[in-house]
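In case you want the letters, here they are:
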Amino acid sequence: MTGTDTSDLAALGPRLPSPCQEIVDGRFERHGVRLLLKRDDLIHPDLVGNKWRKLAPNLATARGRTVVTFGGAYSNHLRATAAAGRLLGLATVGVVRGQELAGRPLNPSLARCAADGMRLHFVDRSTYRRKSEPETLAALLRAVAAEDAVVVPEGGSNAPAVRGCRALGEELGGHADVVAVACGTGGTLAGLAAGLPRGRRALGIPVLKGGFLADDIRRLQDRAFGGPRGDWSLDDRFHCGGYARTTPELDSFADDFEHRHGLPVERVYVAKLLHALLALAQEGTFPRGTTLAAVVTGRPFP
């Protein structure tokens, strides 16, 4: 495929709606909470989870143009974009945070990006922070010889992506009282909340520290829908010190959850989400009789 449209994307065979799986876990049951897993990790073997929902609306506009996007050295978003490029016949460029990485062997995540045909362009951290400024972005596009590229922001969160994630709320609205998702850039939560019917609410568990995400989500909803949508909230207590940071307690919880339920638990996002939900259930946050859905946005890599 050399030009991309919605029929090209459909030909990849996404599993939509993704399945809901009930998890029988006494730690939730004793607090009167029923736990469902929304298995977005099963949507597509290469475009996993919310990456499909966020990337598909952006890729549908590519029409053969190069796709340029951004991420850190272990970015799930870069890896998904590279895989999409391979599957759809699109050229992709990943602008990677950290000029110092340019002379080093590629880690497994970046090596997968390169194997899928993504050109990697490393930039210093100061430039990376300014990547959304028009002059800086124009210079970056010139540097990678892709001035007419489709530009997808870090994490894939923009107005088309947020509108794409609205379907997640629509799929879950009849199944759960509270739908929870781990948040990086906030685009999935912004769309999910918009898709839920009245009386249902969305809960975001940020995996980065800083307390900035609420404003970002409001901006994303304004750009996608013209104003706020849905009932949503954030709980900032469960980031474990920052992105990709962990603690012995979190590792122990994830290992135990895998053992109990036979499911691999991705550590950067999903482990923090499930750990947070158990803590909140134990705190009595959810009234007895609540059906709680946790969105599984990814699988462990490698």
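To start, this report covers the structure provided alongside it. (Residues numbered from 1 in each chain as written. Predicted model: local features only at pLDDT ≥ 70, side-chain atom pairs only at ≥ 80, totals over all residues. Heavy atoms only, no water.)

1. Considering the overall build of the protein chain
Here's step 1: Counting secondary structure elements, the protein chain contains 12 helices and 10 strands.
Here's step 2: Summarising its shape, the C-alpha atoms of the protein chain cover approximately 60 × 40 × 35 Å along the three principal directions.
Here's step 3: Looking at the protein chain as a whole, 53% of its 302 residues qualify as buried.
Here's step 4: In the protein chain, once contacts between residues fewer than 6 apart in sequence are set aside, the share between residues at least 24 apart is 75%.
Here's step 5: Total accessible area computed for the protein chain in this model is approximately 13,100 Å², and 49% of it derives from carbon and sulfur atoms.
Here's step 6: Distance from the positive charge centre (39 side chains) to the negative charge centre (32 side chains) of the protein chain: 1 Å. (Helix = DSSP H or I, 4+ residues; strand = E, 2+ residues; numbered from the N terminus. Buried < 20%, exposed > 50% of the residue type's maximum accessible area, 1.4 Å probe, protein only. Contact = heavy atoms within 4.5 Å. Areas by Shrake-Rupley, 256 points an atom, 1.4 Å probe, with all protein chains shown as cover. Lys, Arg positive; Asp, Glu negative; His and termini not counted. Charge placed at Lys NZ, Arg CZ, Asp CG, Glu CD.)

2. A word on the sheet that holds strand S4 (residues 92–97)
Note on sheets: strands pair through backbone hydrogen bonds, and any given pair is parallel or antiparallel.
Here's step 1: One open sheet holds the four strands; their spatial order is S5-S4-S3-S6, and the pairing between them is parallel. The open sheet is flanked by strand S5 (119–123) and strand S6 (150–151), the only strands paired with a single partner.
Here's step 2: Where strand S3 (residues 67–71) lies against S6, two bridges are found, and the strand directions are parallel. The residue of S6 that forms the bridge with Val 67 is Val 150. (Pairing = 2+ DSSP bridges.)

3. Some remarks on the packing of aromatic side chains
Here's step 1: Inspection of every chain in the model, using the stated rule, returns three aromatic pairs.
Here's step 2: With a centroid separation of 5.9 Å and 70° between ring planes, the pair formed by Tyr 243 and Tyr 269 is classed as edge-to-face. One end of the pair, Tyr 243, is in the loop between strand S9 (232–234) and helix H11 (248–261); the other, Tyr 269, is in the loop between H11 and helix H12 (270–282), with 26 residues separating them in the sequence.
Here's step 3: The class of Tyr 243 is partly exposed, set by a relative accessible area of 31%.
Here's step 4: Residue Tyr 269 is classed as buried on the basis of its relative accessible area, which comes to 15%.
Here's step 5: Sitting above the plane of the Phe 301 ring, Arg 79 keeps its charged end 3.8 Å from the centroid. (Phe/Tyr/Trp six-rings, centres within 6.5 Å; stacked < 30°, edge-to-face > 60°. Lys NZ or Arg CZ within 6 Å of the ring centre and 35° of its normal.)

4. Considerations on the sheet that holds strand S1 (residues 20–23)
Here's step 1: Pairing is mixed in the open sheet, where six strands are placed in the order S1-S2-S10-S7-S8-S9. Looking at the sheet topology across the chains shown, the edges are occupied by S1 and S9. On average, each strand axis in the sheet is inclined to that of its neighbour by 25°, with strand direction left out of account.
Here's step 2: In this structure, strand S8 (residues 201–206) lies alongside S9, joined through three bridges in parallel fashion. Looking at S9, one finds that Ala 202 is bridged to Trp 232. (Axes fitted to C-alpha atoms, helices over the stretch in contact; angles between N-to-C directions.)

5. Points about the nonpolar core
Here's step 1: Among the nonpolar cores identified, the biggest contains 33 residues, and Phe 28, Leu 203, Leu 274, Leu 277, Phe 286 and Leu 292 are the most heavily contacted of them.
Here's step 2: Of all the secondary-structure elements, those providing two or more residues to this core are strand S2 (34–38), strand S7 (178–183), S8, H11, H12 and strand S10 (291–295).
Here's step 3: Ranked by residue count, the leading element in this core is H12, at 10 residues.
Here's step 4: Apart from the residues lying within four places of it in its own chain, the contact partners of Phe 286 are Val 33, Val 178, Arg 201, Leu 203, Leu 277, Leu 280, Ala 281 and Leu 292. (Core = buried A, V, L, I, M, F, W, Y, C linked by side-chain atoms within 4.5 Å.)

6. Looking at the environment of Asp 41
Here's step 1: Relative to the assigned elements, Asp 41 resides in the loop between S2 and helix H3 (50–59).
Here's step 2: Once the C-alpha coordinates of Asp 41 and Ala 167 are considered, the two residues, 126 residues apart in sequence, prove to be 15 Å apart.
Here's step 3: At 2.8 Å, the side chain of Asp 41 and the side chain of Arg 39 are in polar contact. (Polar contact = N/O pair within 3.5 Å; in protein donor to acceptor, adjacent residues only side chain to side chain.)

7. Re unusual backbone geometry
Here's step 1: Cis geometry marks the peptide bond from Leu 16 to Pro 17; its omega dihedral reads -5°.
Here's step 2: With respect to the helices and strands, Pro 17 occurs in the loop between helix H1 (6–10) and S1.
Here's step 3: Note the cis peptide between Phe 301 and Pro 302, where omega equals -5°.
Here's step 4: Position of Pro 302 relative to the elements: it lies in the segment after S10.
Here's step 5: The backbone phi angle of Ala 145 is positive, close to 55°, even though this residue is not glycine.
Here's step 6: Within the element layout of this structure, Ala 145 appears in the loop between helix H7 (134–143) and S6.
Here's step 7: Residue Ala 145 is classed as exposed on the basis of its relative accessible area of 67%.
Here's step 8: Residue Cys 240 is not a glycine yet carries a positive backbone phi of 60°.
Here's step 9: Counting through the fold element by element, Cys 240 comes out in the loop between S9 and H11.

8. Digging into helix H9 (residues 187–195)
Here's step 1: In terms of burial, H9 is largely enclosed, as eight of its nine residues are buried.
Here's step 2: Considering only its buried residues, H9 is in contact with H3, helix H8 (159–172), S7, S8, helix H10 (213–225) and S9.

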